[in-house]
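Architecture and fold: a report
The primary structure of each chain is shown beneath.
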Amino acid sequence: MLANPPFNMSHWARRPSDPRWRYGTPPSTNANFAWLQHAVDKLSDRGSAGVVLANGSVSSKQMGEGEIRTAMVEDDVIACIVALPAQLFNSTPIPACVWILTKDKSSQGSRGLTDRRGQTLFIDARAMGELAGRSHRLLTSEELSEIAGVYRAWRGTGRRGEEYKDVPGLCRTAGLEEIREKRHILTPGRYVGAADVDRKRCGGRPDDRLEALTRELVELLDRSDHLTERLRRHLDA
């Protein structure tokens, strides 16, 4: 299942008693967690879904959204979060992310998948993409293949003999305890860390230097968000 619902849709029709809201009733001011729970509800026992949403969905705590996300993490239905670059959509500059959902992270018997129960994969693709004009960015075929290849290797559906490996600045698998330590916030940048950029690459073509600096910038922004959140907690205490 693939879905690209409207981002942050407000004033949507909802019934608080809807059986789809197994993780919590989503707020009437934002339908993001309604779409996610609808996708989980429609999945078969071994099905998977990819849902494209605004980036705020991985960290928002407003109107009970943090509690819903926590319940989804604890029920182990989130396989992967992919952070996408800004300006991918003509209709909005808001950066987006992809939630990959599944009810069964086991090896699934004869399918022989990698058992990923209790784990979630984080992919940070924010530094990817090429500008196709002033305000529109496109992911190249090679970049799309790289993102898909990381997930397939992690799940065990890649090429024969291909093994998944954490890559600083790009991808990392995290266990439930680590996600709990980060208060169930699923921002990929908090998990993948900074990229290993050698001097030769930084001293190469301007495009290479720009890519390296962009990755460093998004990592610093993530650290800033984390420190801001800690400061707010101390001030509220």
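Everything that follows concerns the structure shown earlier in this document.
The shown structure was predicted, so the numbers you read here are calculated from the model rather than taken from an experiment. (Residues numbered from 1 in each chain as written. Predicted model: local features only at pLDDT ≥ 70, side-chain atom pairs only at ≥ 80, totals over all residues. Heavy atoms only, no water.)

What follows concerns the overall build of the chain. Along the backbone of the chain there are 7 helices and 8 strands. Counting only residues that meet the buried cut, the chain has 43% of its 237 residues in that class. Across the chain, every contact between residues at least 6 apart in sequence was considered, and the portion connecting residues at least 24 apart equals 65%. A total of about 13200 Å² of accessible surface is found on the chain, and carbon and sulfur atoms cover 51% of it. (Helix = DSSP H or I, 4+ residues; strand = E, 2+ residues; numbered from the N terminus. Buried < 20%, exposed > 50% of the residue type's maximum accessible area, 1.4 Å probe, protein only. Contact = heavy atoms within 4.5 Å. Areas by Shrake-Rupley, 256 points an atom, 1.4 Å probe, with all protein chains shown as cover.)

This next bit is on the packing of helix 1 (residues 32-42) against helix 2 (residues 65-74). At a closest axis distance of 11 Å, the pairing of helix 1 and helix 2 adopts a crossing angle of 25 degrees. The angle between helix 1 and helix 2 falls in the class roughly parallel. When the axes of helix 1 and helix 2 are compared, the crossing they make is left-handed. Contacts between helix 1 and helix 2 involve F33, L36, Q37 and V40 from the first element and E65, I68, R69 and M72 from the second. Residue composition of the contact of helix 1 with helix 2, by class: 5 nonpolar, 1 polar and 2 charged. (Axes fitted to C-alpha atoms, helices over the stretch in contact; angles between N-to-C directions. Parallel < 35°, antiparallel > 145°, perpendicular 65-115°, else oblique. Left-handed = near helix turned anticlockwise from the far one by under 90°. Nonpolar A, V, L, I, M, F, W, Y, C, P; charged D, E, K, R; others polar.)

This next bit is on the packing of aromatic side chains. Evaluated as defined, the whole model comprises 5 aromatic pairs. With centroids separated by 5.5 Å and ring planes inclined at 85 degrees, the aromatic side chains of F7 and F89 adopt a geometry described as edge-to-face. Taken together, the residues span a long stretch of sequence, with F7 in the loop between strand 1 (2-3) and helix 1 and F89 in the loop between strand 3 (78-83) and strand 4 (96-102) at a distance of 82 residues. With relative accessibility at 19%, the residue F7 sits in the buried group. (Phe/Tyr/Trp six-rings, centres within 6.5 Å; stacked < 30°, edge-to-face > 60°.)

Let us look at helix 3 (residues 141-155). Side chains of residues three or four places apart in an α-helix project in the same direction, reflecting 3.6 residues per turn. Here helix 3 contains 15 residues, and its C-alpha end-to-end distance of 21 Å stays within 8% of the 21 Å for a straight helix at 1.5 Å per residue. Along helix 3, the residues that are buried comprise E143, I147, V150, Y151, A153, W154 and R155. Lining the buried residues of helix 3 we find strand 3, strand 4, strand 5 (119-124), strand 7 (137-138) and strand 8 (171-175). Positive phi shows up at G156, right after helix 3, with a value of about 90 degrees. (Expected span 1.5 Å × (residues − 1).)

If the charged atoms of two oppositely charged side chains come close together, the side chains can form a pair. With the rule as written, the count across this model stands at 13 salt bridges. The shortest N-O distance in the salt bridge between R22 and D41 comes to 3.9 Å. With R22 in the loop between strand 1 and helix 1 and D41 in helix 1, this pair connects stretches of sequence that are 19 residues apart. With a relative accessible area of 45%, R22 lands in the partly exposed category. For D41, a relative accessible area of 26% gives the class partly exposed. One salt bridge connects D41 with K42, and the closest N-O pair in it is separated by 3.9 Å. A relative accessible area of 48% places K42 in the partly exposed class. By sharing partners, the salt bridges in this structure join R15, D18 and R20 into a single network. (Salt bridge = Lys/Arg side-chain N within 4 Å of Asp/Glu carboxyl O.)

Spatially, 6 strands are ordered 1-2-4-3-5-8 in an open sheet, and the strand pairing comes out mixed. A single partner strand is all that each edge strand has here, and the edge strands are strand 1 and strand 8. Of the pairings in the sheet, the one linking strand 1 to strand 2 (residues 48-54) comprises 2 bridges and is parallel in character. By the bridge assignment for strand 2, L2 is matched with G50. Set on the sheet, helix 1 makes contact with strand 2 and strand 4; between it and strand 2 the angle comes to about 175 degrees. (Pairing = 2+ DSSP bridges.)

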